[in-house]
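As a plain string of letters, each chain reads:
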Amino acid sequence: MASTQHVLLSPAELAYLHAALSLTPPIRPDGRAPAQFRPLVAETGILPGTNGSARICFADGTEAIVGVKAEVERTRLVDGATAGTEWKEGGSARGEGEDDDGGDKAGDSDWVELTVEIPGYRDDDAGTAFLAAMLSEALLADGAFAKRLWINRRFHWKLYLDVLLISPPLSYPLPLLSLTTHLALLATRLPRLKSEGDEDPFFDDDWAAARHLFPRSSSSTTKESARPPVTLLVMAVGNNIIFDPAKEELAVADVALAVSVAEDTTAAATTAATMDLDDAAAPAARSLRLLSIRTIDPPSRLTPPGVPNAANSAYGATTAQKQPEARTAEAEAVEGVWRAPRGGAKPLVMAALVQKVLEKGGVADEILDALDAVDLG
Amino acid sequence: MPLDTSAYSLALLRVDGRRWNELRRIHAQIRTQAAADGSSYLEIGHTKVMCVVTGPSEPGSRRGAIGSTGGGVGGGAVGGGAAQSKGAEVAVSIVIAGFSSVDRKRTARGDKRILELQSTISNALAASLHTHLFPHSAINISLHVLSQDGSLLAALINAATLACVDAGIPMTDYVAACTAGSTSTYAANDEAADPLLDLNHQEEQELPGLTVATLGGSDRVAVLVCESRVQVSRLEGMLAVGVDGCKQVREILDRVVREKGRRMVQEGTVEKGVGLNDMDVD
Amino acid sequence: MPREAEPSLNEKQFIVQALGEKLRLDGREFDQYRPLELTFGDQYGVANVTLGKTRVLAKVSAEVTVPYVDRPLDGVFTIATELGPMASPAFEVGRPTETEVLLARLLEKTVRRSGALDTESLCLVAGQKCWSVRVDVHVLAHDGNLIDASCFAVVAALRHFRKPDTSIASGQLTVYTPAEREPVPLSWLHSPFCVTWSFFGDDGETALLDATWAEEQVRVSSCTVSLNRHGEICQIAKLGGVPVEAVALLQCTAVALTKAKEFSTFLDGKLAEDAKRRNKGGFMAELSSENDR
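Worth saying up front: this structure is predicted, and the values here are computed from it rather than measured. (Residues numbered from 1 in each chain as written. Chains lettered and ligands numbered in written order. Predicted model: local features only at pLDDT ≥ 70, side-chain atom pairs only at ≥ 80, totals over all residues. Heavy atoms only, no water.)

Quick word on the overall build of chain C
Secondary structure assignment for chain C yields 6 helices and 15 strands. For 293 residues, the compact-globule estimate of 2.2 N^0.38 gives 19 Å, and the C-alpha radius of gyration of chain C, at 21 Å, lies within 12% of that figure. Taking the principal axes of its C-alpha atoms as reference, chain C extends roughly 70 × 45 × 35 Å. Across chain C, every contact between residues at least 6 apart in sequence was considered, and the portion connecting residues at least 24 apart equals 69%. The averaged location of the 40 negative side-chain charges in chain C is 3 Å from the averaged location of its 32 positive side-chain charges. (Helix = DSSP H or I, 4+ residues; strand = E, 2+ residues; numbered from the N terminus. Rg over C-alpha atoms; globule rule 2.2 N^0.38 Å. Contact = heavy atoms within 4.5 Å. Lys, Arg positive; Asp, Glu negative; His and termini not counted. Charge placed at Lys NZ, Arg CZ, Asp CG, Glu CD.)

In structure tokens:
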């Protein structure tokens, strides 16, 4: 969809942009550093009618709203064999729930339904469906998320995430939608369960007593507190790696990746266990885990190539020469002449891209910290 | 019946404590989004809608954007024989968020009800906007419903009007809308029934009601939609209350626009123009 | 997409100017309908309505199906409208135009949502079996005022329709053929009719009933009121267009009520006539009195 949106840039402009972004350090049209995100405004809890909601405005004016609704749904019993044997753990495990990896709290990816609405695009548009698939894929990648929706053996929460892009899709909206979804999930609260065991669920009416879907521990960063994943858009031009590309930058990308990362809770849990005593001294370092990588087809592949002067009849090239010349021009790059990228990305660049996302104190770290600071109301 | 209408006759107070002629709180903002040509946010009670206007722009560019939706109903063929090519086309698309109602419900975009809403808004605005100034172009209005609590069409019309004002599209006057209802049930022809102003969701479910939109402060009705059974004799009272409510809504919308204008002059975003002098902007 | 040829500027001006002088092209009064004709088919539930050159055929059919899960006590009632190229070259099959969507919505609101047909009476076995009544509206010729003609055809067809009689004995549902038992009419509660006003002039000061296609193309706005003869409004739809004085709209509704009453009497007369025609030799009367108990 938006990744293949028409870019109204001339080959000369594309060539200029590409050249500027290939410099070391790259010069971005809006003067950002390569790993710098656009400034954004975020708020949560904007819709009292939802279990959780968030709104993010990027500085370029694109805006997204995510609302999360939860409904109780009856779990389809798959294995009748174990149904009778071990339901003792059920309700009591829910209290301190999360780090308990009791086997019977299996989640199902059907429990989460994510829809994306982009104004002007049909909801069955390939681009919209791809965005929705990428966002839900990251969410469900490790299966831990669906486990949070477990109520008891017979019931679970069904979570509906409705992702709305409010503004026209100026730049590829994936990072915006992902960050907004992340925030909305952080803000999501589910009513406190009052019933015990496998009886029909019964909840506390008091919204103040509702529990966060992703509980925030009091000493927020030191103790491991699981968070939903974020999906970042990263692109490479030459050997430069650029985060959060604007539309014009994406138009000259050699390769664009959607990388989903989450905090590695299992690793954090083990370190927390060993360093239990001095966890106050432990730095805010979180170990990040790679959940998924998707290549995004950058619109640069569809841009028209520039014509070098040598092959341009306006500069004296004869038509007879033109055909073979044009073919060689495709093969070898001429300085200052735009040529749409062909073929895939170099493995080294790909590795570097992923490395850059995951490194300590890197962009993903920064983003998670920044989102942490948002008041969850 | 969840709504006990018998309680009304005792204290003359409605379920949410309003009198018969009271509007709910209307809160509106314009220029909420930097990327759009015009934008607005409007709340009537718990009904919350956002509107983004792009255009007037070349209709060709809309292929990739708003227009390709099956939902965008072109309303160009409205207005004194204005051929589609002669005036700008007003394309409206409405997205009703799945989380907007109490139960999560997903509304397909091809839903006839939504298509009807789209075409109503498009036709209502096309008659008020000076579309003939922008031949061969399109005005795309995209509306998002974030929360529903009755008076949806009215909220959508008001938000679209505000966003068009923000987009700077010349128009005759505000198209202001609100709902009106009656305390009578449809069969009963009781003369004692009171008309009600601005129905919430609960009242909309139980009582007959209609949506009115008028042009500016006049009595001229641009939109009149009634979807429930009601005695003919009730209509006059409901319409009168509705038209009166529209005048109040118009004042509120006007105040929002003036307030924003005043603030923008203060902040120096725009220069105080000559024409602004008579708008008591100081 | 094929588009209907628009009337030329001269034609438009001619119509508007004539209306300004209180003249219509076909010499009718402003609040006069074109000659309305209604014929029923040999089968039950087929109504053929002509209004001037506009012609609409409505056919009702019923079958036994499973009710919707969320409404186990209600039958299924659908009205299907399809405007094909037969009515006008501007209509394509499979791509609903704005006209078609609005027509479908209006019929839905007028007939279905106003509760003209008691859908609970269509239920046979709660949650398991019910009648599904479907009305197909075919527009055979389009010369304006489709809405009023279609609505009249739908109501006429539904009131004419007889569904097969059924009985339930020890959980077994039996549907009788017409030879075994006389089919029974639907449980009909009230007959709503649409009356469409078209407005002309800069401020919509001229109001016409039953506009022809040429007039419809020139009008600045329209308002459809649906009423039954008890004076109940089932629906009003003035969906945008040039604003019209509220008082004028009230007058329009008052006139619409008299028109709806006329429609109602006309339809009752036609139905009685048809019943008499079918009732040859009083045999049916004997049968039905037997069934009445």
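A few points about helix α3 (residues 126-140) of chain A
For α3(A), with 15 residues, the first-to-last C-alpha span of 21 Å sits near the 21 Å given by 1.5 Å per residue. Taken together, the buried positions of α3(A) are G127(A), T128(A), L131(A), A132(A), M134(A), L135(A), S136(A), A138(A) and L139(A). (Expected span 1.5 Å × (residues − 1). Buried < 20%, exposed > 50% of the residue type's maximum accessible area, 1.4 Å probe, protein only.)

Considerations on the UniProt feature "domain: Exoribonuclease phosphorolytic" (unreviewed entry) in chain C
All names here are of chain C. Under the feature "domain: Exoribonuclease phosphorolytic" (unreviewed entry), the UniProt entry names residues 32-164 and 191-257. For residues 32-164, helix accounts for 23% and strand for 36%, while the C-alpha atoms at its two ends are 39 Å apart. For residues 191-257, the helix share is 27%, the strand share is 42%, and the end-to-end C-alpha distance is 13 Å. (UniProt positions renumbered as here; feature names shortened; annotations may be inferred.)

Overview of unusual backbone geometry
A cis amide bond links T24(A) to the next residue, P25(A), at an omega of -10 degrees. With respect to the element layout, P25(A) can be found in the loop between α1 (11-22) and β1 (40-44). Positive phi outside glycine occurs at D244(A), with the angle close to 45 degrees. Taking relative accessible area as the criterion, D244(A) reaches 0% and is therefore assigned buried. At R31(B), a position not held by glycine, the phi torsion is positive, near 55 degrees. Structurally, the position occupied by R31(B) is in the loop between β1 (26-30) and β2 (38-44). R31(B) gets classed as partly exposed once you look at its relative accessible area, which sits at 39%.

What to know about the confidence of the model for chain A
All names here are of chain A. Looking at chain A, pLDDT values average 76 and 76% of them are 70 or higher. When the criterion is pLDDT under 50, residues 218-224 qualifies, and its contacts beyond four places in sequence or with other chains add up to 10 contacts. Here residues 268-284 is a poorly scored stretch, pLDDT under 50, and it has 5 contacts once near neighbours within four places are set aside; other chains count. (pLDDT = per-residue confidence, 0-100.)

Some remarks on the sheet that holds strand β5 (residues 155-165) of chain A
Residue and element names in this part refer to chain A. In spatial order, the strands read β1-β2-β3-β5-β4; together these 5 strands make up an open sheet with mixed pairing. Of all strands in the sheet, those with a lone pairing partner are β1 and β4 (112-117), marking the two edges. Mean inter-strand twist for the sheet, computed between neighbouring axes without regard to direction, equals 15 degrees. Helix-sheet contacts for α3 involve β4 and β5, and the interaxial angle to β4 is about 145 degrees. Against the sheet, helix α5 (residues 174-187) touches β1, β2 (52-58), β3 (63-74), β4 and β5, its axis set at about 150 degrees to β2. (Pairing = 2+ DSSP bridges. Axes fitted to C-alpha atoms, helices over the stretch in contact; angles between N-to-C directions.)

Considering the pattern of salt bridges
For the coordinates displayed, the defined rule picks out 51 salt bridges over all chains. Two residues, E43(B) and R25(B), come together in a salt bridge whose shortest N-O distance is 2.7 Å. Linking E43(B) in strand β2 with R25(B) in the loop between α1 (8-11) and β1, this pair joins segments that are 18 residues apart in sequence. Between R31(B) and D166(B) there is a salt bridge, with the nearest N and O atoms lying 2.8 Å from each other. Residue R31(B) is located in the loop between β1 and β2, and its partner D166(B) is located in helix α3 (residues 152-166); the two are separated by 135 residues in the primary sequence. Judged by its relative accessible area of 9%, D166(B) is buried. Connected through salt bridges with shared partners, the residues R28(A), D30(A), R32(A), R38(A), D60(A), D244(A) and E249(A) form a single ionic network. (Salt bridge = Lys/Arg side-chain N within 4 Å of Asp/Glu carboxyl O.)

Some thoughts on the interface of chain C and chain B
Listed by partner, the interface residues are 40 residues for chain C and 38 residues for chain B. Together, the buried faces of chain C and chain B total about 3,300 Å²; carbon and sulfur atoms form 57% of this surface. Viewed at the interface, chain B and chain C are joined by 7 salt bridges. Of the charged contacts, one joins R105(C) and E116(B) as a salt bridge, the two residues approaching to 2.8 Å between their closest N and O atoms. There are 20 residue pairs in polar contact (both at pLDDT 80 or more) connecting chain C and chain B. Residue composition of the side of chain C that touches chain B, grouped by class: 18 nonpolar, 10 polar and 12 charged. (Buried area = accessible area lost by both parts, 1.4 Å probe. Polar contact = N/O pair within 3.5 Å; in protein donor to acceptor, adjacent residues only side chain to side chain. Nonpolar A, V, L, I, M, F, W, Y, C, P; charged D, E, K, R; others polar.)

Let's talk about α1(A)
Every α-helix winds through 3.6 residues per turn, so residues three or four apart in the chain are directed the same way. For α1(A), spanning 12 residues, the distance from its first C-alpha to its last is 16 Å, which sits close to the expected 16 Å at 1.5 Å a residue. As for α1(A), its buried residues are in contact with β8 (230-237), β9 (240-243) and α6 (247-250) of chain A.

Regarding the nonpolar core
Among the nonpolar cores identified, the biggest contains 138 residues, and L42(B), I94(B), I121(B), I141(B), L143(B) and L158(C) are the most heavily contacted of them. For this core, the element with the most residues is helix α5 (residues 232-267) of chain B, which contributes 12 residues. Of all hydrophobic cores here, the second largest spans 81 residues; its members include L21(A), L177(A), V237(A) and L353(A). (Core = buried A, V, L, I, M, F, W, Y, C linked by side-chain atoms within 4.5 Å.)

Some remarks on the packing of α5(A) against helix α10 (residues 363-372) of chain A
Residues and elements named next belong to chain A. It is at 11 Å that the axes of α5 and α10 come closest, and there the two elements cross at 45 degrees. By the criterion of interaxial angle, the relationship of α5 to α10 is oblique. Note that α5 runs across α10; the crossing there is right-handed. The residues of α10 that touch α5, namely those facing L179, H182 and L183, are I367, L368 and L371. Broken down by class, the residue content of the contact of α5 with α10 amounts to 5 nonpolar, 1 polar and no charged. (Parallel < 35°, antiparallel > 145°, perpendicular 65-115°, else oblique. Left-handed = near helix turned anticlockwise from the far one by under 90°.)

So, the sheet that holds β9(A)
Sheet strands pair via backbone hydrogen bonds, and the direction of the pair is either parallel or antiparallel. Residue and element names in this part refer to chain A. If you walk across this open sheet you meet the 4 strands as β9-β8-β10-β11, and the pairing is antiparallel. Two strands lie at the open edges of the sheet, namely β9 and β11 (288-296), each paired on one side alone. When the angles between neighbouring strand axes are averaged without regard to direction, this sheet yields 30 degrees. Where β8 meets β9, 4 bridges bridge the pair, whose relative direction is antiparallel. By the bridge assignment, V234 is partnered in β9 with F243. Strands in contact with α5 are β8 and β10 (255-263); relative to β8, the strand with the most contacts, it is inclined by about 155 degrees.

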